[in-house]
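Below, each chain spelled out in residue letters.
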Amino acid sequence: TAPRGVSPEDARLYAGSAFTCLTHPSITIPTSQVNDDFCDCPDGSDEPGTSACAHLPHSALAIRGFHCRNEQHTPAFLPLSRVNDGVCDYEICCDGSDEYAHVGGVSCKNRCAEIGIAARKLQAERERLRGDGVKGWAELVKKAQIMRKEAEDEVKTTEVKIEGIEGKVKGLERELRDAEEKERRRVVRAPKEGEGGKVGVLVGTAKERSEELRAGLEKVREERDAALERLKKAEGILAALKEGYNPNFNDEGVKTAVRAWEEYLAQEETSTKLNDAEERDLDDLLGEDPVDWDEFLEVDEPQSDLYNIEAYLPESIKVWVHDKLHDFRQILVENGILAPAPDTPGIESKAVNAARAALKTAESEERNNRARLTALNDDLNTAYGHNDVFRPLKGECIDADVGEYKYEFCFHGKAHQKSLKDSSSTSLGSFARIEYTTPEDVGGQHGLFDAGWEEAHEEGLSGVVLKYDNGQQCWNGPKRSVNVELYCSAVNELRSVREEEKCVYRFEVGTPAVCGDRVEDAKGESMEERVRDEL
Amino acid sequence: VKHGDFKTCAQSGFCKRNRALADQATAAGASRTSPYELDANTVALKDGVLTATILKNIGEENVELPLVFSFLDNGVARVTIDEAKRMTGQIELRHGSTAKKERYNEAAKWALVGGENFHKDAIIKTEDGVTSVAYGPAGYQVKITHKPFSVKFLKDGEAHVVLNERSFMNIEHWRPKPEDSDGNKGDDTWWEEAFGGNTDSKPRGPESVAMDITFPGYDHVYGIPEHASSLSLKETRGGEGNYNEPYRLYNADVFEYEIDSPMTLYGSIPFMQAQKKGSTVGVFWLNAAETWIDIVKQKTNVNALSPERATTQTHWMSESGLLDIFVLPGPNSSWLYKQYGDLTGFTALPAAFSIAYHQCRWNYVSQDDVKDVDRKFDKFDIPYDVIWLDIEYTDSKKYFTWDPLTFKDPETMLKTLDKRERKLVAIIDPHIKNDKNYAIGNELVNKGFGVMDKTGKKIYEGWCWPGSSHWIDCFNPAARAWWKSLFDFKKFVGSMPNTWIWNDMNEPSVFNGPETTMPKDNIHYDNWEHRDVHNLNGMTFHNATYEALKTRLGPGKERRPFVLTRSYFAGSQRTAAMWTGDNQADWSHLAQAFPMLLAQGIAGMPFAGADVGGFFGNPSKELLTRWYQAGAFYPFFRGHAHIDAKRREPYLAGEPYVSIIRDAIRLRYSLLPTWYTAFHRASWEGMPILRPHFVMFPDDEAGFAIDDQFYLGDTGILVKPIVSEGVTETSVYVPEENMVYYDYFDYTMYNGKGIRSVPAPLGSIPMLMRSGHIIPRKDRPRRSSGLMRYDPYTLVVALAPGGAGGVLYVDDGETYDNKDGAFIHRSFIYNPGDKTLRSGNLHPEPAKAAKYVKEMRDVRVERVILVGVTDEWKDKKTVEVKQGSKTWDAEVKFVEGKEGRASHVIVRNPRVAIVKDWTINFA
């Protein structure tokens, strides 16, 4: 039989008339010194059944602890420091075998029967839930595949569409060029100054002026809106300061700022509110221009074709003559002999306008399609986790009321803290990335000890963490952020919210999306085995 | 620190006036005559108490100042000077104030527990204008010069303390405010003082008391905590390396305090020790008002042949109250601390758990958070005893409540902790939220238990954590009784027997008050002005909490309370532990902590610690690790962090740091038996837990200024924690020529006096064992100290040629049964003559311990290690063990020391009981 605290598998190591320290073969002691409550081996291996070697550093220990058989339940190892300390450590040793010395009169009866039943019940329930979770995960993966396929299909059709539109754009560009060319070649387009075209000039100037004013107004309004936005932001900062400042810091600068802010609030009650009526007026002014300037500007067919010599020339010569005349005129202008031609922008024929409009429409269609294509490709390239499992969850939000707040987060979206007392809402950050960590609740690593059965009622964390960052800046602290720790669950749920340190939140979220990770990690191990290991 | 928030001496009227007077007196030299004269006709001595009248001659009148001079059996003498007109109420208060007319005469009531053993056979003699009194132990004498009044305290004919040698004595007598606003008595600080937007109405006008106290031939003075300064106090009148400001005692919440400064901090103990080679004396200035102390040192040659030595001259100034000075004769530290403890009481023997490791943070935010931290400590196998809750656990900062959302079920949380014998300390502060819906707040107002404003009729309202608040006035006995009732389990629902209390902000801290505290003209119980009692305020509060906790379980079930306080006064040691307040996570604050804690120890309040890790800011992992190694030697050992700081529980540090921190905490736990024994000695003799060099070696002047290494109790363990970055070795001053010091861990030997280099890479703590000591330890780490109760001991014998000895004190660590004799007190002596280690009983009445001894009878010694054995021990295989009538053999193992290490032998499982007499014979 194995000495106290030794598992049946390890019993052979303790057979024989002498014992050799497991990792220090140079030290051999009589068997009578095994478990005699005095630590002889520097690796603790001679005292698996007492606390005599509990002082050794974890790294030096050659044994996993005190082995509790836990018949009717699962065997487990208890840290040596907990052997005979007067506490029944049922969460690990349900058989109470760790307190055989009854120090201080403690007596731990074997509770493995009841604990075993409870644990098995819990295990069955857990398995059932995990089964549902795995189903949910499989559905998500399937859905993700379909979504990917759909997206890929759309990429293809969009690409084809874009190709078609590109051709169309080219054609329209040509048409516009032709129309412009035709326009340019028209002789005596605008009346000279001092002649009968005075009204035309006036109208031209008026249109120009009107457009300038409208553009100016538009710009001013944009700047005003931007300024208001900044003011709002600044006021928000001050309001947050007043709300959140710590009077114990006793900072004169802060106190002064808070006082000044209060006075400001008292004086400035209404100033920043926008007047709706005024806004409507502005909208009208900036809307469709009621004046059809083109009607006034449309130049009738030239008064006399005589001026239009080019029109009488054959096509081939016409271009040559036009170019020569143009060059000649340039020379005259540059030498100060001829006045420059009156500039008349915006005064174009209906044909040119129509061609330009058609082109614009086509170009915009092309842009839209390209944007869609980029979006589709971006989405396809986004990391949605193993098997794209989070793809179907994108935009799905869950929340829970914790304390005086409603906490909400959306997969691949934003996280918020909303007050239940008022309507205020604080951004806790936006989704940044998925991280895969070692689930912290897996024991036995780095000499750490398992939390045990008692704390195992909750589904353990998967190690998959959704990182949300860049939330609202904290007073005296960092920008808020959230670590969304995921565990396997049949439905999406927010189990707990904790502000682990100032402005760094930790959400524990259940979702089927991580149920598959367990299946995949198990590598041949059955679910049942995994579950039992957990316990 | 914001210097502008706190007064300099020049901004504190009476300090400015008294410093000016000192400057005038110094400038005038011998030509100035102090106006104080003892009226020889009034002198009378009866039963060890001399009474007389001192006249203050100010031209037109002689102000009568009654003097009471008491002489005690143990050599302590007390000088108390009052003001006749004030005693009889013949003064008028301005502004219709309701304040009392007397000078404050109740500081003694709060601070003292003894000092009544008058030396009834004191002998008086008057000749040539000098009255001499011989009293106390042989050779003690006081010489009072009548004109001008001055007093010399002599021992064997030599003066050790002199009062008014420099004529700085000053008692500002009451006078009416001159009618004429341009009156000639136009000192702008006499009638009102404005600071930080608050005006002090000073209804009694100027009333300060001051005295110069000279220590002839004493070149070091220590004490007067709390200051972030060196242990050996610095000069304060400028010059290279000196301060320009006096040391100040005015309890205040000093935000982000700076180090190496005489600025005031949270607590004050106006007790000063002067040390010269071979002699020590002390002065206790019993005054609870704002106090400043100037220190200068004069180089003097007694004669051409003697070495140059300094005479330390001090100047004490208090804003109001009596002039009340105790002179404690020493002549060595252990006598002095006993004398001081006889006056103000000794530090309470703490509950055993409270000297183990405490885990705190502002804040553990929920009961789940608490449980999670608790679980993680176990998971990482790190022991801890106490988890703490800062202010956020309450419902909107209303004390005696729990946040209903985050602490829904505190009882279950507390039961979870109790399973491993762990405790919770929750914060409860003296500011009571001013909130109509807060029953306790309403009661405070309705019953009139709050501190009043200057009218004396309206409850004072100020700002603290809860916003608008009132302050409980614990000077009021009815208020204290009420406070006690609040701790009833039916009233403080959700608290449990393992809930203890942290009293913070009790200076009191008032966010919008002058110097972050209360206006001086506020009125307390019995119409005393806050000015008079300010430095006592914190103590009255933690005393009240202590009394409440002591009897919480009902009559006959008294337990030793644990109360942590930030503010304190002389006498606080009887009921509370303190910590050094809001320090910062940087190396300089780590280094500053030890001088502060050593000063606490020699001022009678050794249960002291600094926040491990530093309160403000984020420590690097190296700093955190070094801080844990240092903190393992704080009498009060608590990790803490500000709410804005990152989490830093020891298990978060990552390797190798977690393992090093675990080792440091485990080291503390293994030495808990010696810590507890040291606390026990402090609790009846006053010896500090951490002993500075000058206490251990009072003849070694070279070490008088050392404050970065110290000794742990009587164990001879010399520690020099590392307090700077990137260190791999350090210099330790080994003070003795003929004593070997062994490295605590590997027994490397350090021989001979001098500065020695000791390796100190990150994983190690420089720790030496002085030979000649026996150290009891418990080497098995458990989850909490309570779970170590029945674990076996290891005895480490650091051999010296003359032998070795050690002491162990054990009791249940919880109740007062020890007062009825339920304790174990053993001596361990190794006699090199017969090579025998003996366990002897130090219990004066062993029969009274029977029941407890029975409970502990199975607790044994599992190992004895003798360090420093010679090679002749090499072949020893067994030793003879005798216990009672039985004799048996125990195995021993010889381990040869190599590379400068001492050889040692290990006795394997001698199976002797800790409660019994036994011998182990190595011959």
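Residues numbered from 1 in each chain as written. Chains lettered and ligands numbered in written order. Predicted model: local features only at pLDDT ≥ 70, side-chain atom pairs only at ≥ 80, totals over all residues. Heavy atoms only, no water.

Visitor: Can you tell me about the overall build of chain A, naming the residues and giving the values?
Guide: A count of helices and strands for chain A gives nine helices and 12 strands. The proportion of buried residues among the 535 residues of chain A is 37%. Considering only intrachain contacts with a sequence separation of at least 6, the fraction spanning at least 24 residues in chain A is 53%. (Helix = DSSP H or I, 4+ residues; strand = E, 2+ residues; numbered from the N terminus. Buried < 20%, exposed > 50% of the residue type's maximum accessible area, 1.4 Å probe, protein only. Contact = heavy atoms within 4.5 Å.)

Visitor: I'd like to hear about the overall build of chain B, residue by residue, with values.
Guide: When its secondary structure is counted, chain B shows 16 helices and 50 strands. In terms of C-alpha radius of gyration, chain B reaches 28 Å, essentially the compact-globule figure of 29 Å for 923 residues. Its C-alpha atoms give chain B principal-axis dimensions of about 95 × 75 × 55 Å. Here chain B, with 923 residues, has 66% of them falling under the buried criterion. When contacts within chain B are restricted to residue pairs at least 6 apart in sequence, those whose partners lie at least 24 apart make up 71%. Entry remark: accessible area of chain B is about 31000 Å², with carbon and sulfur atoms responsible for 50%. (Rg over C-alpha atoms; globule rule 2.2 N^0.38 Å. Areas by Shrake-Rupley, 256 points an atom, 1.4 Å probe, with all protein chains shown as cover.)

Visitor: Describe in detail the packing of helix α5 (residues 367–379) of chain B against helix α6 (residues 410–418) of chain B, supporting the description with residues and values.
Guide: All names here are of chain B. Between α5 and α6, the least distance of the axes is 10 Å, while the angle of their chain directions is 10°. Relative to α6, the element α5 is oriented roughly parallel. Taken together, the residues of α6 that come into contact with α5 (itself represented by Q367, V370, K371 and D374) are P410, T412, M413, T416 and L417. (Axes fitted to C-alpha atoms, helices over the stretch in contact; angles between N-to-C directions. Parallel < 35°, antiparallel > 145°, perpendicular 65-115°, else oblique.)

Visitor: Quick rundown of the confidence of the model for chain B? Include the residues and the values.
Guide: Of all residues in chain B, 98% attain a pLDDT of 70 or more, and the chain-wide mean is 95. For this predicted complex, the interface confidence comes out at an ipTM of 0.90, alongside a pTM of 0.86. (pLDDT = per-residue confidence, 0-100.)

Visitor: Requested: an account of the pattern of salt bridges, with residues and values cited.
Guide: This model, assessed by the stated rule, comprises 104 salt bridges over all chains. In this structure, E404(A) and K421(A) form a salt bridge, with 3.1 Å as the shortest nitrogen-oxygen distance. With E404(A) in the loop between β5 (397–402) and β6 (405–410) and K421(A) in the loop between β7 (414–419) and β8 (425–436), the pair connects residues that are 17 residues apart, well separated along the chain. One salt bridge in this structure joins E515(B) and R248(B), with 2.8 Å as the shortest N-O distance. Here R248(B) lies in strand β15 (residues 247–249) and E515(B) lies in the loop between β27 (499–503) and α9 (530–533), a separation of 267 residues in the sequence. By the burial criterion, E515(B) is buried, and R248(B) matches it. (Salt bridge = Lys/Arg side-chain N within 4 Å of Asp/Glu carboxyl O.)

Visitor: How would you explain the environment of G244(A) if you had to name every residue and give the values?
Guide: As for its placement among the helices and strands, G244(A) is situated in helix α2 (residues 198–244). Considering only alpha carbons, one finds G244(A) and R120(A), 124 residues apart in sequence, at a separation of 49 Å.

Visitor: Can you tell me about the nonpolar core, naming the residues and giving the values?
Guide: All names here are of chain B. Of all hydrophobic cores here, the largest spans 214 residues; its most connected members are W483 and L837. Looking at this core, the element that brings in the most residues is helix α11 (residues 587–602), giving eight residues. Counting 48 residues, the second-largest nonpolar core is a separate cluster that includes A52, F71, V281 and I295. (Core = buried A, V, L, I, M, F, W, Y, C linked by side-chain atoms within 4.5 Å.)

Visitor: Hey, could you go over the interface of chain B and chain A for me, with residue numbers and the actual values?
Guide: Between chain B and chain A, the contact holds 48 residues from the first and 45 residues from the second. Summed over both sides, the interface between chain B and chain A buries roughly 4100 Å², with carbon and sulfur atoms accounting for 43% of that surface. Ranking the residues of chain B by area buried against chain A places K379(B), R783(B) and R908(B) at the top, with a combined share of 16%. Across the contact surface, chain B and chain A share nine salt bridges. Across the salt bridge formed by E91(A) and R420(B), the nearest N and O atoms sit 2.5 Å from each other. Summed over the shared surface of chain B and chain A, the number is 22 residue pairs in polar contact (both at pLDDT 80 or more). Mapped by element, the contributors of at least two residues to the side of chain B that touches chain A are α5, α13 (657–670), β46 (860–869) and β49 (903–913) of chain B. (Buried area = accessible area lost by both parts, 1.4 Å probe. Polar contact = N/O pair within 3.5 Å; in protein donor to acceptor, adjacent residues only side chain to side chain.)

Visitor: Describe helix α1 (residues 13–28) of chain B, and please don't skip the residues or the numbers.
Guide: Side chains three or four residues apart in an α-helix point the same way, a direct result of the helix having 3.6 residues per turn. Between its first and last C-alpha atoms α1(B) spans 22 Å; for 16 residues at 1.5 Å apiece the expected length is 22 Å, and the two agree. Taken together, the buried positions of α1(B) are occupied by G13(B), F14(B), C15(B), R17(B), N18(B), R19(B), L21(B), A22(B) and A25(B). (Expected span 1.5 Å × (residues − 1).)

Visitor: Mind laying out the sheet that holds strand β26 (residues 467–471) of chain B, listing which residues take part and the relevant values?
Guide: Residue and element names in this part refer to chain B. Pairing is antiparallel in the open sheet, where three strands are placed in the order β24-β26-β25. The outermost strands of the open sheet, each flanked by one partner alone, are β24 (431–433) and β25 (462–464). Recorded for the sheet is a direction-independent mean angle of 60° between the axes of neighbouring strands. Strand direction decides the pairing type here: β24 and β26, joined by three bridges, are antiparallel. Considered in β26, the bridge of I432 is made with H470. Docked against the sheet, helix α7 (residues 439–447) engages β24 and β26, running at close to 115° with respect to β24. (Pairing = 2+ DSSP bridges.)

Visitor: Explain the state of the cysteines to me, using residue names and the numbers behind them.
Guide: Working definition: the covalent bond between the sulfur atoms of two cysteines is a disulfide. All names here are of chain A. Scanning the model with the defined rule gives eight disulfides over all chains in all. Paired by a disulfide, C21 and C41 hold their sulfur atoms 2.0 Å apart. As the torsion about the S-S bond is roughly -80°, the C21-C41 disulfide counts as left-handed. With C21 in the loop between β1 (18–20) and β2 (28–30) and C41 in the loop between β2 and β3 (66–68), the pair connects residues that are 20 residues apart, well separated along the chain. A residue is classified by how much of its surface remains accessible, and C41, at 1% relative accessible area, is buried. Disulfide pairing places C39 opposite C53 at an S-S distance of 2.1 Å. (Disulfide = S-S within 2.5 Å.)

Visitor: Quick rundown of the packing of aromatic side chains? Include the residues and the values.
Guide: All names here are of chain B. Counted under the stated rule, the structure contains 69 aromatic pairs over all chains. Ring geometry for W483 and F541: centres 5.1 Å apart, planes at 55°, overall tilted. In this pair, W483 is assigned in helix α8 (residues 477–486) and F541 in helix α10 (residues 537–550), connecting sequence segments 58 residues apart. Exposure remark for W483: the relative accessible area of 0% places this residue in the buried category. Between Y809 and F823, the ring centres sit 5.4 Å apart and the planes meet at 35°, which makes this aromatic pair tilted. With a gap of 14 residues between them, Y809 in strand β43 (residues 804–811) and F823 in strand β44 (residues 823–831) connect regions that are remote in the sequence. (Phe/Tyr/Trp six-rings, centres within 6.5 Å; stacked < 30°, edge-to-face > 60°.)

Visitor: Break down the packing of α8(B) against α10(B) for me, citing the residues and quoting the values.
Guide: All names here are of chain B. Across the interface, α8 lies against α10 with an axial gap of 8 Å and an inter-helix angle of 50°. Taken as axis vectors, α8 and α10 run oblique relative to one another. As for how α8 packs across α10, the hand of that crossing is right-handed. From α8, R480, W483 and K484 reach across to α10, where they touch F541, A544, T545, E547 and A548. (Left-handed = near helix turned anticlockwise from the far one by under 90°.)

Visitor: For the environment of L265(B), give the residues involved together with the corresponding values.
Guide: Residues and elements named next belong to chain B. Along the chain, the position of L265 falls in the loop between β15 and β16 (271–276). The exposure class of L265 is buried, given its relative accessible area of 3%. Taking the C-alpha atoms as reference, L265 lies 9.5 Å from F255; in sequence the two are 10 residues apart. Those residues in contact with L265 that lie beyond four places of it in its chain are E226, H227, A228, Y250, N251, A252, V254, Y257 and M596.

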